[in-house]
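Close look at the chain arrangement
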There are 2 protein chains.
Amino acid sequence: MSAVSRNPVDLLRGDKRVECQNCALFRICLPKHVSAADLSSLEAIIIKRKATPRGQPLFKAGDKFSSIYAVRSGGIKTYRTDAEGNEQVCGFHLPGELVGLESIISDTSINSAKMLDTTSVCEIPFPELEALLPRMPQLQKELTRLLSREIVTSQWQLSLLGSKKADARVAALLCNISDRLEQRGYSATRFSLPMSRSDIGNFLGLTIETVSRSFTRLQRKGLLSVKGRMVTLLDLDNLRRLAGHTTLH
Amino acid sequence: MSAVSRNPVDLLRGDKRVECQNCALFRICLPKHVSAADLSSLEAIIIKRKATPRGQPLFKAGDKFSSIYAVRSGGIKTYRTDAEGNEQVCGFHLPGELVGLESIISDTSINSAKMLDTTSVCEIPFPELEALLPRMPQLQKELTRLLSREIVTSQWQLSLLGSKKADARVAALLCNISDRLEQRGYSATRFSLPMSRSDIGNFLGLTIETVSRSFTRLQRKGLLSVKGRMVTLLDLDNLRRLAGHTTLH
DNA sequence: CGCCCAGTTGAAGAATTTCAAACGATGTGG
DNA sequence: CCACATCGTTTGAAATTCTTCAACTGGGCG
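Throughout what follows, the structure given in this document is the object of discussion. (Residues numbered from 1 in each chain as written. Chains lettered and ligands numbered in written order. Predicted model: local features only at pLDDT ≥ 70, side-chain atom pairs only at ≥ 80, totals over all residues. Heavy atoms only, no water.)

Another point: the protein's contact with DNA strand C. For DNA strand C, the set of nearby residues contains 15 residues, the closest of which are Arg197(A), Arg213(A), Thr216(A), Ala166(B) and Thr210(B). Per the 4 Å cut-off to the protein, sugar and phosphate atoms form 64% of the nearby atoms of DNA strand C. Between DNA strand C and Thr207(B), the relevant distance is 3.2 Å, taken from a phosphate oxygen to a side-chain nitrogen or oxygen of the residue. Glu209(B) places a polar side-chain atom, nitrogen or oxygen, 3.2 Å from a base nitrogen of DNA strand C. (Near = heavy atom within 4 Å. Polar contact = N/O pair within 3.5 Å; in protein donor to acceptor, adjacent residues only side chain to side chain.)

This is the structure in structure tokens:
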């Protein structure tokens, strides 16, 4: 999708100092309310990683928890695996969103995270971040807000899985992604899904076949047009109506 | 279930100063790591409410968000209502747990909360709490941890709704409640469910009929015994095996 | 060119929902 | 004290939705 690397190995770590103010995501990312004076202390602990190709893990469940991550470009899925080896996708993370917040309560990572696409992240070592908080109330507030938002997102997902039919779930996910992309300055009606049908199905609690059929039905109703991962939302109003609830983000 | 009040009206507010150290839940509640010196500043902002009867709302979605709450006794459910008026139960909160964390990101409450039983709470005004954080790193850490735990809980629930059959969902909920009660010093194998079948079904993404049938099946398998809300877990091992994953809490 | 993977489509099967009825505990009024 | 209404729960049978199994398609890449 984006530029692909020749040599994955030397993409794994970057060491250039991050410059949040120049980042396109500054307005929506963690440091958005941090004063210019404090910003450099924050930037000092952040590790700007280079792009990593699709499919690479960012971390695995059980790894020692030491950092959270901000997505700079691309996309990431987080997922957990239960005793029988079943995966459950917990979330998709777009640029400007944090990954790994659920593991703060633990010494080890609770979820695994994998690149959906060529993706770059900023690594934020958590103990260092935590040490900054007492001195930086703005940052502390923002972190609390982002944690809270993560709860809201999970609960939104719950209300999807709890009572909605397949078509409504698919519509809701598409509307949600549409909103998030729009917020980042992209088209709200035409975009490429960063994740596979299998990930979508898993996220929505459906099989890939059901997802596929659902796309076909929505297409026949004239609500959207799909070609592989490329979707065009033709009737956002009715799509939202079908999703039938709380717009998120 | 517990003592019932004659006059609900004068139960709504208490003004006795809270004394966390003497509270049976001190070890598991928000202030557990706060130093004795800091504790009194925290206690000063907490409002100890008197018991409220079953069915009363604690807050409603859309209310101005101003406080989070710690359950002192009884139980609370939080839920959200979508555009069509469908409810989705987001969580059950037992003594020692916080309620309302999801709304921190918002000016208004995102969920509604209702007493499942005669319940008393400590109200913690959030702006005041937030003001204490810079001076009390321990408290800040604990709040962050609790927020993180809330994410883990929601994601646990997701993995239930995402891929589990009805019996597994019911078994998982029972094991989860069992664990939480045990942690609070109650019996892990014999307890009274604080919530109705309807709440259970809604929480698990099932109809009440399916929940009822599931209880009957689990009973026939000799895994438990149910009479109304009273359950006895007869074979916790196999119940966990059936639930088939990550123990939470 | 042909393999392979992701996605689509079809038909049969399984699980849950829906509709309907009955039960038991609780509470009210005669 | 009993008859009756109510609520939450249980049970049964039919309808629906989703899953499963299987075959097929089309684009990308060796």
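It is worth spelling out the nonpolar core at this point. In terms of nonpolar packing, the biggest core is built from 72 residues, with Leu193(A), Phe215(A), Leu193(B) and Phe215(B) touching the most fellow members. Those residues in contact with Leu193(A) that sit more than four places away from it in its chain are Leu174(A), Ile177(A), Ile200(A), Phe215(A), Arg229(A) and Val231(A). With 56 residues, the next largest nonpolar core counts Ile124(A), Cys20(B), Ile124(B) and Leu147(B) among its residues. (Core = buried A, V, L, I, M, F, W, Y, C linked by side-chain atoms within 4.5 Å. Buried < 20%, exposed > 50% of the residue type's maximum accessible area, 1.4 Å probe, protein only. Contact = heavy atoms within 4.5 Å.)

A pair of packed helices is characterised by two quantities: the angle between their axes and the separation of those axes. Residue and element names in this part refer to chain A. Relative orientation of the contacting elements helix H3 (residues 137-163) and helix H4 (residues 166-183) amounts to 155°, with a least axis distance of 9 Å. With respect to H4, the axis of H3 lies roughly antiparallel. Handedness of the crossing formed by H3 with H4: right-handed. Between H3, through Trp-156, Leu-160 and Leu-161, and H4, the contact on the second element is made entirely by Ala-168, Arg-169, Ala-172, Leu-173 and Asn-176. Along the lines of polarity and charge, the residues of the contact of H3 with H4 split into six nonpolar, one polar and one charged. (Axes fitted to C-alpha atoms, helices over the stretch in contact; angles between N-to-C directions. Helix = DSSP H or I, 4+ residues; strand = E, 2+ residues; numbered from the N terminus. Parallel < 35°, antiparallel > 145°, perpendicular 65-115°, else oblique. Left-handed = near helix turned anticlockwise from the far one by under 90°. Nonpolar A, V, L, I, M, F, W, Y, C, P; charged D, E, K, R; others polar.)

Glancing now at the packing of aromatic side chains. On inspection of all chains with the given rule, the structure shows six aromatic pairs over all chains. With a centroid separation of 5.8 Å and an interplanar angle of 50°, the aromatic rings of Phe65(A) and Phe126(A) are classed as tilted. Taken together, the residues Phe65(A) in the loop between strand E2 (57-59) and strand E3 (67-73) and Phe126(A) in helix H2 (residues 126-132) connect sequence positions 61 residues apart. Here the two residues Phe65(A) and Phe126(A) agree in accessibility, since each one is buried. Ring centres of Phe92(B) and Phe203(B) lie 4.9 Å apart, and the angle between their planes is 40°; on these two criteria the pair is classed as tilted. Here Phe203(B) lies in helix H5 (residues 197-204) and Phe92(B) lies in strand E5 (residues 87-93), a separation of 111 residues in the sequence. Comparing Phe92(B) with Phe203(B) shows no difference in burial state: the two are buried. Looking at Lys77(A), its charged tip hangs above the ring of Tyr79(A), at a distance of 5.0 Å from the centre. (Phe/Tyr/Trp six-rings, centres within 6.5 Å; stacked < 30°, edge-to-face > 60°. Lys NZ or Arg CZ within 6 Å of the ring centre and 35° of its normal.)

The subject of this paragraph is the pairing of strand E10 (residues 224-227) of chain A. Residues and elements named next belong to chain A. With burial as the criterion, only one face of E10 is covered, namely that bearing Leu-224 and Val-226; the residues Ser-225 and Lys-227 on the opposite face remain uncovered. Pairing geometry for E10 and strand E11 (residues 230-233), over four bridges, is antiparallel. Counterpart to Lys-227 in the pairing with E11 is Met-230. Connecting E10 to the antiparallel partner E11 that follows it, the hairpin turn spans two residues, and Gly-228 within it adopts a positive phi of roughly 65°. (Pairing = 2+ DSSP bridges.)

We now examine the relation of the copies chain B and chain A. The relation between the two chain copies is a rotation about an axis coupled with a shift along that axis. Laying chain B over chain A is done by rotating through 180° and shifting 0.0 Å along the axis; what remains is an RMSD of 0.0 Å. The operation mapping one copy onto its partner corresponds to a two-fold rotation axis. Residue Pro134(B), judged by its C-alpha, is the member of chain B lying nearest the rotation axis, at 2.2 Å. With an isologous cut-off of 70% or more, the 98% of interface residues of chain B that recur at the interface of chain A puts this contact in the isologous class. (Least-squares fit on C-alpha atoms with pLDDT ≥ 70 in both.)

Taken as a whole, this structure holds 24 salt bridges over all chains when the rule is applied. Here Glu87(A) and Lys77(A) are joined by a salt bridge, their closest N and O atoms 4.0 Å apart. Highlighted residues: Glu87(A) in strand E5 (residues 87-93) and Lys77(A) in strand E4 (residues 76-81), separated in sequence by ten residues. Overall, Lys77(A) belongs to the buried group, its relative accessible area being 8%. A salt bridge links Asp82(B) to Lys164(A); its shortest N-O distance comes to 2.7 Å. You can see Asp82(B) sitting in the loop between strand E4 (76-81) and E5 and its partner Lys164(A) sitting in the loop between H3 and H4, one on each of two chains. For Lys164(A), a relative accessible area of 10% puts it in the buried group. Each of Lys32(A), Glu142(A) and Arg145(A) takes part in salt bridges that share partners, so that together they form one network. (Salt bridge = Lys/Arg side-chain N within 4 Å of Asp/Glu carboxyl O.)

Function cannot be read off these values alone, since they describe shape.
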